[in-house]
Amino acid sequence: MTAPSLQPLEVPSPAYICPFDQACSYLEAAAKQLKLDGGTISILSNPRKVITVSIPVKRDNGEIEVLAGHRVQHCDILGPYKGGTRYHPAVTLREVSALAMLMTWKCALLGIPYGGAKGGIAIDPKRYSVGELERITRRYTSELIKNIGPSVDIPAPDMGTSPREMAWMMDTYSVNMGHAVPGVVTGKPLSIGGSRGRDMATGRGVMICVREALADRGKSLQGTRVVIQGFGNVGSAIAILLAEAGAKVIAVSSGAGGVYAESGLDISALKAYAADNRRSVVGFPQGTPISNAQLLTLPCDVLIPAALENQITEDNVNQIQAQLVVEAANAPVTLSADQSLTKRGVTVLPDILANAGGVVVSYLEWVQGLSYVFWDEKRVNQEMEHLMVQAYRQVMTQSQQQQISPRLAAYSIGVGRVAIALQDRGLYP
Ligand code: GLU
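Residues numbered from 1 in each chain as written. Predicted model: local features only at pLDDT ≥ 70, side-chain atom pairs only at ≥ 80, totals over all residues. Heavy atoms only, no water.

**Thoughts on the sheet that holds strand β7 (residues 248-254)**
Here is the rule: Any two strands between which DSSP finds at least two bridges are classified as paired. Numbering of helices and strands runs from the N terminus, with a helix taken as a DSSP run of H or I at least four residues long and a strand as a DSSP run of E at least two residues long. Axis lines are fitted through C-alpha atoms, for helices just across the contact stretch, and the angle between N-to-C directions can take any value from 0 to 180 degrees.
In spatial order, the strands read β9-β8-β7-β6-β10-β11-β12; together these seven strands make up an open sheet with mixed pairing. Where the open sheet ends on each side, the last strands, each with one partner, are β9 (288-290) and β12 (347-349). Across the sheet, the axes of successive neighbouring strands diverge by a mean angle of 20 degrees, strand direction being ignored. Two elements, strand β10 (residues 302-305) and strand β11 (residues 324-326), share two bridges in a ladder whose sense is parallel. Residue pairing in the sheet places Leu 303 in a bridge with Val 325 of β11.

Written out as structure tokens, the structure is:
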């Protein structure tokens, strides 16, 4: 199968690992497992809509900068397109396309009635003022106005965006429609229809997967030594929840480096330190400085990459010492590294399962909004936990029964559900 010819926006370096080609390889492996026909594979490997818009923005100094914003809608066979909006300098159309495809399989695997999409703008949000970010977000939303909506495509936060950006998106959309439309985004502030529990949801889902995987090995979170790469929304939530459950978080990093403490880091103190230091953990006094590269190869029980793609590659895979790798980020382990780890008997819990807690609570937020009934946090967490544990069990059962990796099992379940729905719906015209 050849990947559709999406042009990356920048010239890739020789070491460039194309995220879209990787996503297609995972689809191909699942398709082989499911014995899908070539036509079905072609439909599923091509995003349905690829949208790039130009975003002219007036900087605070009066200069005009024109940014490119993307939204890729991969598949809406099971329901409205769903997926986050990423603000990060490494955003490319290929990356957004890959992440949109992952959303399709993630939603199908979790049994929630959505398709997959992703959006992104290649900016470093730290280099823009709040006013500039608001103008960028509003113009991006307005350019996409005909392509999003509560039953069309529902954006949510992703790396570099938060409830604040979702509120701007919701407001821009609503003003243009002439009435409030809270369902156009999820991950909103509580004041405009957000869900309790959404802020910690991705981290909670990761914690549930780690807990279940340890239980399968006759172990508990108590005293388990965990290393987490990334201390953003997701990484920090994972650290807090795991530490609360008794795990020992021995190392954590943010973009510029990390900290290590063999006896376990004080996560509340670390969170407070990062909040005062532009979200960086570097220089935290109660730990030893460590580089991101060293952090990944530390001896530990569980390694949780919760930052960017392609962090565990052919170059460092042989030094990974964890027995359980849990992908809180999207695609942090490359295809070949994944194969090496699996061969060595290391369990890798794949992104479309491990980080699905966020989109699950997005779904619960959407359901609460549509029914005008809002739940307390306990109810939200219970509903999410049920869907996460169910998906985890399905993946592990399939992995054991078919003697395949949890990743292949997860993809086979997700892709398989979409393929059946495609067959049942048939092809128009
Ligand atoms: N950005 C998150 C993800 O990649 C959440 C998406 C959503 O809630 O729609 O899963």
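So that's the structure; there's more coming.
**A word on helix α8 (residues 267-276)**
Operational definition: Summary of the burial criterion: residues with accessible area below 20% of their type's maximum are buried, those above 50% are exposed, and those between are partly exposed, where the area comes from a 1.4 Å probe applied to protein chains only. Directions drawn from the helix axis to the C-beta atoms are what define this arc. The contact definition used throughout considers only heavy atoms, calling two residues in contact when any of these lie within 4.5 Å. Pairs of N or O atoms are called polar contacts if they sit within 3.5 Å, as long as, within protein, a hydrogen donor faces a hydrogen acceptor (for residues adjacent in sequence, only side-chain-to-side-chain pairs).
Here α8 has its buried residues at Ile 267, Leu 270, Tyr 273 and Ala 274. All buried residues of α8 lie within an arc of 120 degrees about the axis, which places them on one face of the element. Among the exposed residues of α8, those pointing more than 90 degrees away from its buried face are Ser 268, Ala 275 and Asp 276. Buried residues belonging to α8 abut α7 (233-244), β7 and β8 (257-260). A distance of 3.3 Å separates the backbone nitrogen of Ser 268 from a side-chain oxygen at the start of α8, and that oxygen is part of Asp 266. Remark: Arg 278 follows α8 within two positions and exhibits a positive phi of approximately 50 degrees.

**Topic: the pairing of strand β4 (residues 116-121)**
This is how the line gets drawn: If the strands point away from the viewer and the path from the first strand over the helix to the second runs clockwise, then the crossover is right-handed.
Of all six residues making up β4, six are buried, and the element is well covered by its neighbours. Burial of β4 is two-sided: the residues Gly 116, Lys 118 and Gly 120 facing one way and the residues Ala 117, Gly 119 and Ile 121 facing the other way are all buried. Of the pairings in the sheet, the one linking strand β2 (residues 64-75) to β4 comprises six bridges and is antiparallel in character. Residue pairing for β4: Gln 73 is matched across the bridge by Ala 117. Judged from the three bridges that link them, strand β3 (residues 81-87) and β4 form a sheet pairing that is parallel. Looking at β4, one finds that Arg 86 is bridged to Gly 120. Of the crossover connections in this fold, the one passing from β3 over helix α3 (residues 93-110) to the parallel β4 is right-handed.

**Quick look at the nonpolar core**
Note the threshold: Throughout, nonpolar core names a set of buried Ala, Val, Leu, Ile, Met, Phe, Trp, Tyr and Cys residues whose side chains join them through atoms within 4.5 Å.
Leu 242 and Ile 304 are the most contacted members of the largest nonpolar core, which has 87 residues in total. Contact partners of Leu 242, with chain neighbours within four places excluded, come to Met 207, Val 210, Leu 221, Val 226, Ala 247, Val 249 and Ile 304. Formed by 23 residues, the second largest nonpolar core is a distinct cluster that contains Tyr 128, Ile 145, Met 169 and Tyr 173.

**Examining the site of the ligand**
For the record, the criterion: One heavy atom suffices: a residue is near a molecule or strand as soon as one of its heavy atoms comes within 4 Å of it. Residues are sorted three ways: Asp, Glu, Lys and Arg are charged, Ala, Val, Leu, Ile, Met, Phe, Trp, Tyr, Cys and Pro are nonpolar, and all the rest, Gly among them, are polar.
In the region of the ligand, 14 residues are neighbours, and Lys 82, Lys 106, Lys 118, Asp 158 and Ser 362 sit closest. Lys 106 places a polar side-chain atom, nitrogen or oxygen, 2.7 Å from an oxygen atom of the ligand. Ser 362 places a polar side-chain atom, nitrogen or oxygen, 2.5 Å from an oxygen atom of the ligand. For the shell around the ligand, the secondary structure elements donating two or more residues are β3, α3, β5 (153-157) and α12 (357-371). When the residues that make up the shell around the ligand are grouped by side-chain class, the tally is four nonpolar, five polar and five charged.

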